[in-house]
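Read off the chains here:
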Amino acid sequence: MEKPPGLRERKKAKTRAAIQEHALRLFRDQGYAETTVQEIAAAAEVSPATFFRYFPTKEDTVVFDRLDPVLIDVFRAQPAEMNPTDALRATLKDSMRALTEEEWELESQRQQLVLNAPELRARMLDQLYAGIDLLAALAAERVGRSADDFAVRAWAGAVVGVVMATYQVTGHAKMKDYFEIIDRAFAHLEAGLPLGK
């Protein structure tokens, strides 16, 4: 069992979340390019130096995905007998129930910014490659193989491909609706590219 985060870690997570929320609100209200780091820091009631301790650049306030740790924990908690695709689909369903409407709205705003700002789309490509590594590691744990195993990496790449392809089609859907749509896409993935033990 991992130790629950201590007070210091919780305070840091809360500060990071507050900075990101204010940044996303300002980007929505006045535009991404028009918003400065100084304005974000002032809105979050932190200094610019504190801003940069949490986010190296303005772009990072958008590309940082605070749902990732939640999804990782939920994926790992799925029953061991589930194959990676079933575990992923169950994770999406469990997450839909776990998040508040405010969290869903924040995530929708973040995704819309990425979709509409070319400079952010370029940064997201790096995130997608990192996503393949993360998914391969999680699938490898589940099926008892190496994260470098060809089938494991092919599955992880296919998952990221499905996410990208589905988002292009449903980019203006709310995140909650998008998760339901992507679940259907993963059903197609499972039919065409099963990964078992």
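Scoring rules and cut-offs
Numbering of residues starts from 1 in each chain and follows the order in which that chain's sequence is written. In keeping with the predicted nature of the model, local features appear solely for residues at pLDDT of at least 70, side-chain atom pairs appear and are counted solely at 80 or more, and the whole-chain, interface and lining totals rest on all residues. For side-chain calculations, the full set of non-hydrogen atoms in the structure is used, while hydrogens and water are omitted. Ring pairs are drawn from Phe, Tyr and Trp, using the six-membered ring of Trp, whenever the two centres fall within 6.5 Å, and their geometry is named by plane angle: stacked under 30 degrees, edge-to-face over 60, tilted for the rest. For every residue, the accessible area obtained with a 1.4 Å probe (protein chains only) is divided by the maximum for its type, and the residue is called buried under 20%, exposed over 50%, and partly exposed between those limits. Note on geometry: axes are C-alpha line fits, over the in-contact stretch for helices, and angles between N-to-C directions span 0 to 180 degrees. The numbering of helices and of strands both runs from the N terminus, where a helix is a DSSP run of H or I of at least 4 residues and a strand a run of E of at least 2. Put simply, angles under 35 degrees are roughly parallel, angles over 145 are roughly antiparallel, angles from 65 to 115 are roughly perpendicular, and the rest are oblique. Helix crossings fall into two classes, left-handed where the near helix is turned counterclockwise from the far one by less than a right angle and right-handed where it is turned clockwise. We call two residues in contact when some of their heavy atoms are within 4.5 Å. Under the convention adopted here, Pro, Cys and the residues Ala, Val, Leu, Ile, Met, Phe, Trp and Tyr are nonpolar, Asp, Glu, Lys and Arg are charged, and Gly plus all remaining residues are polar. Think of a polar contact as two N or O atoms within 3.5 Å of one another; within protein, one of them needs to be a possible hydrogen donor and the other a possible acceptor, and neighboring residues in sequence only count if both atoms come from side chains.

An unreviewed UniProt entry lists the protein chain under the name TetR family transcriptional regulator, with Kribbella capetownensis given as the organism.

So what about the packing of aromatic side chains? Which residues, and what values?
A full pass over the atoms with the stated rule returns 4 aromatic pairs. Seen in terms of ring centroids, F51 and F55 are 6.0 Å apart; in terms of plane orientation they differ by 45°. Their pairing is tilted. The same class applies to F51 and to F55, which are both buried. On the basis of an interplanar angle of 75° and a centroid distance of 5.9 Å, the ring pair of F55 and F64 is categorised as edge-to-face. Look at F55 and you get buried, because its relative accessible area is 2%. F64 gets classed as partly exposed once you look at its relative accessible area, which sits at 30%. By the ring-pair criterion, three or more aromatic residues cluster together here, those being F51, F52, F55 and F64.

Can you break down the packing of helix α5 (residues 68-76) against helix α8 (residues 118-143) residue by residue, with the values?
The geometry of α5 relative to α8 is characterised by a closest axis approach of 11 Å and an angle of 15° between their N-to-C directions. Compared by their axis directions, α5 and α8 come out roughly parallel. In the crossing of α5 with α8, the sense of the turn from one axis to the other is right-handed. Side by side, α5 and α8 meet where I72, F75 and R76 of the first sit next to L134, L138, E141 and R142 of the second. Among the residues forming the contact of α5 with α8, the class breakdown is 4 nonpolar, no polar and 3 charged.

Please set out the packing of helix α1 (residues 7-30) against helix α7 (residues 101-116) residue by residue, giving values where relevant.
Contact geometry of α1 with α7 gives a least axis separation of 10 Å together with a crossing angle of 55°. Here α1 lies oblique to α7, going by the angle between them. Crossing of α1 over α7 shows left-handed handedness. Contacts from Q20, E21, L24, R25, F27 and R28 of α1 reach α7 at L106, Q109, R110 and L113. Of the residues in the contact of α1 with α7, the class split is 4 nonpolar, 2 polar and 4 charged.

I'd like to hear about the side chain of T91, residue by residue, with values.
Summarising the element assignment, T91 is placed in helix α6 (residues 84-98). Given the relative accessible area of 2%, T91 is considered buried. Within the structure, the side chain of T91 is placed 2.7 Å from the backbone oxygen of A87, a separation counted as a polar contact. Ignoring sequence-local partners within four residues, the contact set of T91 consists of L71, V74, F75 and Q78.

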